[in-house]
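The chain contents come next:
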Amino acid sequence: IFERQKRAKAQELRTEAVNKLRINAKRAGKMQMYSKKGFNSIDLLPGKFIHEHEDGHASRLHHNNEVQAAETNVEKEMLFVKKVRDLLKKEMEQEHHESEEFHKAQSSQIKSSLSLSAHKDIVMCGYVTDVEGNLDYFERYLAISQILGWADKDKTKLRFKRDDAMFVYGGDTQDKGIGDIRFTKLLLALKKEHPNRVEFIIGNRDCNKMRLATELRPAAIQDPHVLTDPNFPYWDENAAKKTPEICLKKLQEAGCDASNNAANRLRWILNETMGSAGAFDRRREELSIIQRCGQESISDDDVVESYRQEVDPSTPLLRWEKVGEEMTSSGKELKNKALEEALKNNKFAFTLDEFEEFNVSNVDPAESCYIIVQGKYYKPAALKQDDNFMLQFLKYGKLAYVFGSNLFVHGAIDERNKAIVPGRKEPVQNVHEWADALNIWSRREVEAFEENPYHHANSAHDDKGTQSAGLYRTRSAHDGTLTDGTLTAGLYRERNGNALMDYGVPNGNGGETVVYNHFLHNGNGKQMSREVQEYLLSGRIQNVISGHCPHGDCPTPLRTGPITVITADTSFSQMGHTSSWGTDHRGTHAVSEVIVYIDGTSEVHGILASGTTPLGTRWEQVGCEKPIGTAEGSNEIQNTALATALKDRVEFLEAELVSFGVGDQVISYDSYIQVDTRYYRPSTTKIAYKLGVGGDKFVGRQLSNGAWVKARTLGAEPEYLLALGEGFNLSITRKKVWELEALTDAHFMEQSYHDNDLNAAGIDSVFHATLIAAGLDLETLKMAADDRRYLDCTLEKAGISKPGDRVKIVKAIYPKA
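Right, let's walk through the structure included here. This one's a predicted model, so the numbers in the text were calculated from it and none came from an experiment.

**Topic: the packing of helix α16 (residues 389-396) against helix α17 (residues 431-451)**
Moving on, step 1. At a minimum axis separation of 9 Å, α16 and α17 run at an interaxial angle of 150 degrees. In this structure, α16 contributes Leu391, Leu394 and Lys395 to the contact, and α17 contributes Arg443, Val446, Phe449 and Glu450.
Moving on, step 2. Tallied by class, the residues present in the contact of α16 with α17 amount to four nonpolar, no polar and three charged.

Set out below in structure tokens:
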């Protein structure tokens, strides 16, 4: 990392020095470059101009006072540059020395996680985000994905469909489905198999699970101040209206169990502080699926332990197993009558509350130990593989990831959070270094949490002299001084990993967060500010890919000048839709995949929501060859009744499908059926478009009425989808291709990052992005224009060879010519 930072700093300094030298020389007014054939190279750092010519002789500069003055200035500039470079070298060596231990400890992980790609052959990257535990949606994604698929018929393992691709998951693994555990473990298994081809972006629904380690401890549950604290959650202005005590009273009024126990506290955490209403019961259902038993067999304590263990870094003493009459390994013998009595009665699993009642205080959970009961040895059962799956996800996860010219974040990058790293006083001006620094910071937060998630900096008595389990301390939002607990905005935790937990809440880190952020304004897409564009372009970033904020049933591209944002959270595709396990808002159809390429181009393909029409009620003929993208025979439907009916018609009632013996459970998006020599697939409304060089000229642009061109459909008569959002309402209208082609530039809103002279010369934002990517800003072009041959050579190196393009550049450089 530091070697890359040093190289980036050196290159940045070199570029700055070159620009200064050129400006100095131009001011002298007499620096000219002569060449018979063309200017090939120039090395400014030694302080001399070397001109290579066909005959091999160096050209001569005019010997006059002004030229001598220019050379003197050059020498002064180079002395200054040398001093700065020496100082920079010392600073980098010092920084490297201070971080040496950290890099030794994390060398293997950093090599795999912070590199762009360990494989030079990786040219494309698949992306999906905000699955939120909805395995039905993820299966739909795998059915259309060009990157990932199932590795086995039992659907227990993922595989790559291409050798030249990688995969980025955009964050938020759980809370809204019955697949939290299974989905996250699928991702972890893929990451472990392909460590350099899989990346995780940390979402707010991921890092907030770190809270459970401390908030589900018995001491926290019984703490009277936590029970009645009107200032938590501190990011919610209505916190005082829904304290744990108030919620328990509501349960009592409803005739439910209102005990102040771990289960009810977890329900309160999920429902009132994590935006995950109903997640407690959905976890119970998933546990019953995993354990292959009825939901009645899964107790409240089982659900609590499942949530607690997903972030537990250690092997707890909560599950025990019988070893036999001999102990094969050494350890500390534990003597505790209460625990012995429980094991004697064949009780091997305990809740944290129960175990703390045993008052086992003479053993460290990390130590090896055993207990003897009636001549039999018992020892703590090892934590099952991936039981702490959420902690593992966070250890692999990143806050920002750069792939080629593409930047991935969960929420958004804006004027507040760009270049900001928590704990650093100065902004990080290089976007690549900023991403690396953010990831190192988040990893250190997770490491501190993993080392001791129960540590509290202030676990003594609070200001009023009452023990508060060290969880909650209220500080002033201005100067950090302790107060009497009345300032809601100042509440926070003093526990390991707290800064990362805070980074994922509304207005976290003082609003300077890339996690809880979005590219919308009042529900509608917004243009990116010039300030942020300049920051991204300085690191040659052309695309920003994100999720977090749902916006319709397909990704929303937002083009501002040379920067394209693709926000891809589609979790509200069909509001109010109810699946077999509850309300999911996704519907049964909508799914999309974003694919970005290392050269900055991108494409989106997918299927739109189709109201309440069940999949399979309409079919389409796809030709005489097996449909592309189908699994190896696993999704072929063998049904004689349906095949016979398809010979006459392609639309059916849902009841007819049932009578054929074909239901939703056997029809997926990559299903197909053969009828004689032809193949049929379920009919859906599909979208597909490409962005970047050679891409669609309308998708991602904003109309003068504020609507964004959201997508383009496939079919004999393709249409464009126009999206205009306001609050939680999203209005979608459809326009024919010819209708958009009939519009003029006056019908579109353009906010461009390039000079007015470029606009006047007819250089659009796409062409300008090419110039920027080649390092040719307007000032550099003007300097190069002092010698037309040098200018021609510079443009040729940038791949700009069309005469018309060169004319535009010349007009931009000399607008009055």
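Continuing now.
**So, the nonpolar core**
Moving on, step 1. Counting residues in each nonpolar core, the largest one holds 94 residues, and the members touching the most others are Phe167, Trp434 and Leu536.
Moving on, step 2. Among the elements that line this core, the one with the most residues is α17, at eight residues.
Moving on, step 3. Discounting residues that sit within four places of it in the chain, Trp434 has contacts with Leu407, Ile413, Asn417, Lys418, Ala419, Ile420, Val421, Val428, Val514 and Tyr535.
Moving on, step 4. The next biggest cluster of nonpolar side chains, apart from the first, holds 31 residues, and it includes Cys125, Tyr401, Ile687 and Leu703.

**So, the pairing of strand β4 (residues 165-169)**
Moving on, step 1. The buried count for β4 comes to five of five residues, which makes it a mostly enclosed element.
Moving on, step 2. By the bridge criterion, five bridges tie strand β1 (residues 124-128) to β4 in an arrangement that is parallel. When the sheet's bridge partners are listed, Val128 is paired in β4 with Tyr169.
Moving on, step 3. Here three bridges tie β4 to strand β5 (residues 198-200), and the two strands are oriented parallel to one another. Bridging across to β5, Tyr169 finds its partner in Phe200.
Moving on, step 4. Tracing the backbone out of β4, into helix α5 (residues 180-193) and back to the parallel element β5 gives a crossover that is right-handed.

**Quick notes on the sheet that holds strand β11 (residues 406-409)**
Moving on, step 1. A sheet is described by the order of its strands in space; here five strands give the open sequence β10-β11-β16-β18-β17, paired in mixed fashion. Each of the sheet's edge strands pairs with one partner strand only, and the pair in question is β10 (400-403) and β17 (556-560). On average, each strand axis in the sheet is tilted by 20 degrees relative to the strand beside it, whichever way the strands run.
Moving on, step 2. Of the pairings in the sheet, the one linking β10 to β11 comprises four bridges and is antiparallel in character. The residue bridging Ala400 from the neighbouring strand is Val409, located in β11.
Moving on, step 3. Most of the contacts of α17 go to β10, to which it runs at about 140 degrees, and overall it touches β10 and β11.
Moving on, step 4. The strands touched by helix α19 (residues 530-538) within the sheet are β11, β16 (543-546), β17 and β18 (563-567), with β18 carrying the most contacts at an inclination of about 100 degrees.

**Looking at the pattern of salt bridges**
Side chains carrying opposite charge are able to pair once their charged atoms draw close together.
Moving on, step 1. Within the structure shown, the criterion is met by 32 salt bridges.
Moving on, step 2. The shortest N-O distance in the salt bridge between Asp175 and Lys209 comes to 3.1 Å. Note that Asp175 is positioned in the loop between β4 and α5 and Lys209 in the loop between α6 (204-207) and α7 (212-215), a separation of 34 residues in sequence. No difference in accessibility class separates Asp175 from Lys209, as the two residues are buried.
Moving on, step 3. Several salt bridges converge on common partners, so that one network encompasses Glu132, Asp175, Arg205 and Lys209.

**Quick notes on the packing of helix α11 (residues 262-273) against helix α12 (residues 279-291)**
Moving on, step 1. For the pair α11 and α12, the least separation of the axes is 9 Å and the interaxial angle reads 115 degrees. By the angle between their directions, the pair α11 and α12 is classed as roughly perpendicular. Each of Ala263, Leu266, Arg267 and Leu270 in α11 lies in contact with α12, whose residues at this interface are Ala279, Phe280 and Arg284.
Moving on, step 2. Grouping the constituent residues of the contact of α11 with α12 by class yields five nonpolar, no polar and two charged.

**Regarding the packing of aromatic side chains**
Moving on, step 1. Using the criterion set out here, one finds 18 aromatic pairs in the structure.
Moving on, step 2. With a centroid separation of 5.5 Å and an interplanar angle of 50 degrees, the aromatic rings of Tyr370 and Tyr377 are classed as tilted. Across the pair, Tyr377 and Tyr370 agree in class, each one buried.
Moving on, step 3. When the centroid spacing of 5.7 Å and the interplanar angle of 85 degrees are considered together, the rings of Phe652 and Phe660 count as edge-to-face. The same class applies to Phe652 as to Phe660, namely buried.
Moving on, step 4. Through a chain of ring-to-ring contacts, three or more aromatic side chains come together here, namely Phe138, Tyr141, Phe167, Tyr169 and Phe183.
Moving on, step 5. Just above the ring of Tyr307 sits the side chain of Arg283; from NZ or CZ to the centre is 3.9 Å.

**Let's talk about unusual backbone geometry**
Moving on, step 1. Along the chain, Phe232 connects to Pro233 via a cis peptide bond; the corresponding omega equals 5 degrees.
Moving on, step 2. Mapped onto the fold, Pro233 is located in the loop between α9 (224-228) and α10 (244-253).
Moving on, step 3. Residue Asn509 is not a glycine yet carries a positive backbone phi of 55 degrees.
Moving on, step 4. One can find Asn509 in the loop between α18 (498-503) and β14 (520-521).
Moving on, step 5. A positive phi angle, close to 65 degrees, is found at His585, a residue other than glycine.
Moving on, step 6. Here His585 lies in the loop between β20 (582-583) and β21 (591-597).

What counts and what doesn't
Residues numbered from 1 in each chain as written. Predicted model: local features only at pLDDT ≥ 70, side-chain atom pairs only at ≥ 80, totals over all residues. Heavy atoms only, no water. Axes fitted to C-alpha atoms, helices over the stretch in contact; angles between N-to-C directions. Helix = DSSP H or I, 4+ residues; strand = E, 2+ residues; numbered from the N terminus. Contact = heavy atoms within 4.5 Å. Nonpolar A, V, L, I, M, F, W, Y, C, P; charged D, E, K, R; others polar. Core = buried A, V, L, I, M, F, W, Y, C linked by side-chain atoms within 4.5 Å. Buried < 20%, exposed > 50% of the residue type's maximum accessible area, 1.4 Å probe, protein only. Pairing = 2+ DSSP bridges. Right-handed = clockwise from strand over helix to strand, strands pointing away. Salt bridge = Lys/Arg side-chain N within 4 Å of Asp/Glu carboxyl O. Parallel < 35°, antiparallel > 145°, perpendicular 65-115°, else oblique. Phe/Tyr/Trp six-rings, centres within 6.5 Å; stacked < 30°, edge-to-face > 60°. Lys NZ or Arg CZ within 6 Å of the ring centre and 35° of its normal.

These figures come from the coordinates and say nothing about function on their own.
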